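Residue-level listing of the chains:
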Amino acid sequence: MILKKMPKQKIVQLTLPADLSYSAIVRQLAESFFEMHRFNHVWCHRLKLVVDELFMNAVKYGSSPDTGVVHLELTEDDAGMTFTIQDHGGGAQAISASELKALMQKNTENQDVARTSGRGLAIITHLWTDRLDIGDSEYGGVKVSFLKKKDKEALQPPPPKIAITPVSVPAAIPVSKPAALAAAGQRPAYRIQLQGEVDQYTIQEKSRAIEQTIAQLPDHSELALDFKDVTYVNSVFIGHVAAWFNQLNARDIRLKLAHASPEIKDIFDLVGLSQVIGID
Amino acid sequence: MSVTPSITIHSAPGHAGAKVATLSGEMDETFLPTLEKTLDPLAAQPAVKQVVFDLTDLVFVNSKVIGYIASFYSSLKQGEKSLFFAVANETIRDILSLVGLTAIIPQFDTLDQALASLK
C-alpha cells in the first residue's frame, strides 16, 4: 500500500491487489476521505458506493486475479473531489474502455427494475456523480474517474450561526433607556449562545462573529457567553476570551460565562481567568 | 470499520406462511454465495408465502447484492409469494429507492408494521 500526499493538490494514491476482499478497505478509505472534506452523511455513503462499484468493476473485468493490482487516486481541487481507478487489463472477463462505455450507456437506459444486473453501477454513476470519464489507462487497462462537485446539497451544513438574544431585561424598564436601567441598578443583559466544538477549524468563524456582536453592545451592559451546548474549547479560544474581557472591561461591560461544563471550567481555572470572569 | 455481514432466518410468530430474514453488516459481492445459499431455498419452499427482510442492522449493500435481491423478488413472485422490506435505514433506502426496488417491494418503518400487513 502506498500513500502519497502531494504539495499542491490534496492527493491520496493507493495501489491494491486486485482482490475483492479489499473492498471493505476501499470503502472505508473513500468514506473517510469524503467525510474529511465535509461531505454530508448521505453523500459520503453514496460516493462510497460509487467507489465500491468501480473497484469491483476494475477487479472483475480489468485484472488478472493472481498478479493484478489496481491503482486508486482521490484528489481534491477547486473543481471538487475526483476519484480515479486504473487497471492493467488482462482479466479473464477483460473489457475495453469503449465496451465499458457502451455497456454503461445500455444499462443506464434499462428500465426493468427487476432486472438490475449491471444497472446499479450505471445508475449510481449517472445520477450521483457530476462527470464520469472512461478511457484507456497508462497501465494498459481501463481508466475510470468521476468528479463530484462540492455543492451545497452534498456538503455538511455550515456551523450554526451565533445568535445574540437580550435576556433578563426588566419589563418595566425599556431597553432603549439605558440611563433608566442604570438608575434602577440594572444593566441591559445579552447572551451569546455558543454551539458545538470550538477548535482550530471553527475558531476563526466563531471568534469573528462574537467580535462583531461585542462591537454592537451598548456600554455599561452585561454579556453572558453561554457554553451550554459547547463540548470542547481549545487554548486559542481561551486567549480570545481574555482579550474580549479586557475590551469589554474598558467599556464597563461585564462578561460572565454561563453553563460551562466542569471540563471547560477547569480550563478557565487553569489559566486564572475564573478569578476575574464570573462563571455560573 | 467494516461490519461483518450476516443473515439469519426466523419464523414469524402468528404468521405460519411467513419467514423473517435478518440481514446485517456490510454486504457486497463476497457475501453473495451465503446470501444465495440461505435465501434460495425459501423461494422453493411451498409452505413459505411471504418473506420479510429485517434491515435494521444492514449498513451497506452494493449493486451485486441489490441485483440478487431483485432476482430473489422475481423468484418469489413467480411462485405467487411476496417480499417486504422493514426498518431500512436512510442510506439503504436511498439506494433501494434509486434502483427502483421500493416501487415494487413494499417497505415498512418497523418489523411489527410489516408483519401486521401480512394476510
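Analysis parameters
- Residues numbered from 1 in each chain as written.
- Chains lettered and ligands numbered in written order.
- Predicted model: local features only at pLDDT ≥ 70, side-chain atom pairs only at ≥ 80, totals over all residues.
- Heavy atoms only, no water.
- Helix = DSSP H or I, 4+ residues; strand = E, 2+ residues; numbered from the N terminus.
- Buried < 20%, exposed > 50% of the residue type's maximum accessible area, 1.4 Å probe, protein only.
- Contact = heavy atoms within 4.5 Å.
- Areas by Shrake-Rupley, 256 points an atom, 1.4 Å probe, with all protein chains shown as cover.
- Buried area = accessible area lost by both parts, 1.4 Å probe.
- Salt bridge = Lys/Arg side-chain N within 4 Å of Asp/Glu carboxyl O.
- pLDDT = per-residue confidence, 0-100.
- Expected span 1.5 Å × (residues − 1).
- Core = buried A, V, L, I, M, F, W, Y, C linked by side-chain atoms within 4.5 Å.
- Pairing = 2+ DSSP bridges.
- Axes fitted to C-alpha atoms, helices over the stretch in contact; angles between N-to-C directions.
- Parallel < 35°, antiparallel > 145°, perpendicular 65-115°, else oblique.
- Left-handed = near helix turned anticlockwise from the far one by under 90°.
- Nonpolar A, V, L, I, M, F, W, Y, C, P; charged D, E, K, R; others polar.

K.L.:
Would you take a moment to explain the overall build of chain A for this structure?
P.N.:
A tally of regular secondary structure across chain A gives eight helices and ten strands. Looking at the 280 residues of chain A, the share that counts as buried comes to 44%. In chain A, once contacts between residues fewer than 6 apart in sequence are set aside, the share between residues at least 24 apart is 69%. Surface accessibility of chain A: about 14,700 Å² in total, with carbon and sulfur atoms responsible for 52%.

K.L.:
Can you help me understand the overall build of chain B in this one?
P.N.:
If you tally the helices and strands in chain B, you get five helices and six strands. Written out in order from the N terminus, the α and β elements of chain B read β-β-α-β-β-α-β-α-α-β-α. By the burial criterion, 50% of the 119 residues in chain B qualify as buried. Nonlocal contacts in chain B, meaning residues at least 24 apart in sequence, comprise 66% of its contacts between residues at least 6 apart. Carbon and sulfur atoms make up 54% of the accessible area of chain B, which totals about 5,300 Å².

K.L.:
Honestly, the interface of chain B and chain A in this entry has me stumped. Any pointers?
P.N.:
The extent of an interface is frequently quoted as the accessible surface area lost upon association of the parts. Listed by partner, the interface residues are 26 residues for chain B and 26 residues for chain A. Approximately 2,100 Å² of surface area, both sides summed, lies buried where chain B meets chain A, with 60% of it carried by carbon and sulfur atoms. Here chain B and chain A share four salt bridges between them. Between Asp94(B) and Arg46(A) there is a salt bridge; the shortest N-O distance is 2.5 Å.

K.L.:
Teacher, can you tell me more about the confidence of the model for chain A here?
P.N.:
The predicted structure's coordinates, where accompanied by low pLDDT, should not be read in detail. Residues and elements named next belong to chain A. Here chain A averages 79 in pLDDT, while 78% of its residues score no lower than 70. Per-element averaging of pLDDT across chain A places strand E6 (residues 163–167) at the bottom with 52 and strand E5 (residues 142–148) at the top with 95. Here residues 166–177 scores under 50 on pLDDT; set against residues more than four positions off or in separate chains, the count is 15 contacts.

K.L.:
Explanation requested: helix H1 (residues 32–44) of chain B in the structure shown.
P.N.:
Each α-helix winds once per 3.6 residues, and so residues spaced three or four apart point in a common direction. Residue and element names in this part refer to chain B. Between the first and last C-alpha of H1 there are 18 Å, a value that for 13 residues agrees with the 18 Å anticipated at 1.5 Å per step. Turning to H1, its buried residues number three or more, namely Leu 32, Leu 35, Leu 39, Leu 42 and Ala 43. The elements touched by buried residues of H1 are strand E1 (6–12), strand E2 (15–27), strand E3 (50–54) and helix H2 (63–78).

K.L.:
Can you help me understand the nonpolar core in this one?
P.N.:
Grouped together as the largest cluster of nonpolar side chains are 72 residues, with contacts concentrated most on Phe34(A), Leu35(B), Phe53(B) and Phe72(B). Element by element, the count of residues in this core is highest for helix H2 (residues 41–62) of chain A, at eleven residues. Ignoring anything within four residues of it in the chain, the contact list for Phe72(B) reads Leu39(B), Leu42(B), Ala43(B), Val51(B), Phe53(B) and Leu83(B). In this structure, Leu194(A), Ile210(A), Leu223(A) and Val241(A) belong to the second largest nonpolar core, which totals 26 residues.

K.L.:
Can you help me understand the sheet that holds strand E2 (residues 69–77) of chain A in this one?
P.N.:
The pairing of strands in a sheet comes from backbone hydrogen bonds and takes either a parallel or an antiparallel form. Residues and elements named next belong to chain A. Taken together, five strands build an open sheet; the order of strands is E1-E2-E3-E5-E4 and the sheet is antiparallel. For this open sheet the edge positions go to strand E1 (10–17) and strand E4 (131–136), each flanked by a neighbour on one side alone. Taking each pair of neighbouring strands and ignoring which way they run, the sheet shows an average axis angle of 15°. Strands E1, E2, strand E3 (80–87) and E5 of the sheet are contacted by helix H1 (residues 23–36), whose axis makes an angle of about 5° with E2.

K.L.:
Teacher, can you tell me more about the packing of H2(A) against helix H3 (residues 90–98) of chain B here?
P.N.:
Between two packed helices, the angle of one axis relative to the other and the distance separating the axes together describe the packing. Remark: H2(A) packs on H3(B), axes separated minimally by 10 Å, with the N-to-C direction vectors making an angle of 55°. In terms of axis orientation, H2(A) runs oblique to H3(B). Along this stretch, H2(A) crosses H3(B), giving a crossing that reads as right-handed. In this structure, H2(A) contributes His41(A), Val42(A), His45(A), Arg46(A) and Leu49(A) to the contact, and H3(B) contributes Glu90(B), Thr91(B), Asp94(B) and Ile95(B). Residue composition of the contact of H2(A) with H3(B), grouped by class: three nonpolar, three polar and three charged.

K.L.:
Help me understand the environment of Ala258(A), please; the structure alone is not making it clear to me.
P.N.:
All names here are of chain A. Within the element layout of this structure, Ala 258 appears in strand E9 (residues 254–258). Distance from Ala 258 to Arg 191, taken between C-alpha atoms, is 9.0 Å for residues 67 residues apart in sequence. Non-local contacts of Ala 258, meaning those with residues more than four positions away in its chain, are made with Arg 191, Leu 225, Asp 226, Phe 227, Lys 228 and Asp 280.

K.L.:
Would you take a moment to explain unusual backbone geometry for this structure?
P.N.:
Leave glycine aside and you will find that most residues have negative phi; peptide bonds, for their part, are mostly trans. All names here are of chain A. Even without a glycine there, the phi angle at Arg 38 is positive, about 70°. Within the secondary structure, Arg 38 is located in the loop between H1 and H2. The phi dihedral of Asp 252 is positive, around 55°, even though this residue is not glycine. Here Asp 252 is to be found in the loop between helix H7 (235–250) and E9.

K.L.:
Looking at this structure, I do not really get the pattern of salt bridges. What am I missing?
P.N.:
If charged atoms from side chains of opposite charge come close, those side chains can pair. Under the criterion given, the structure shown has 14 salt bridges over all chains. One salt bridge connects Lys60(A) with Glu29(B), and the closest N-O pair in it is separated by 3.0 Å. A residue pair is termed interchain when its members come from two chains, as with Lys60(A) in helix H2 and Glu29(B) in the loop between E2 and H1. Here Glu222(A) and Lys256(A) are joined by a salt bridge, their closest N and O atoms 3.7 Å apart. In this pair, Glu222(A) sits in strand E8 (residues 222–233) while Lys256(A) sits in strand E9, placing the two residues 34 residues apart along the sequence. Among the charged side chains, a salt-bridge network with shared partners connects Arg27(A), Asp52(A), Glu26(B) and Asp28(B).

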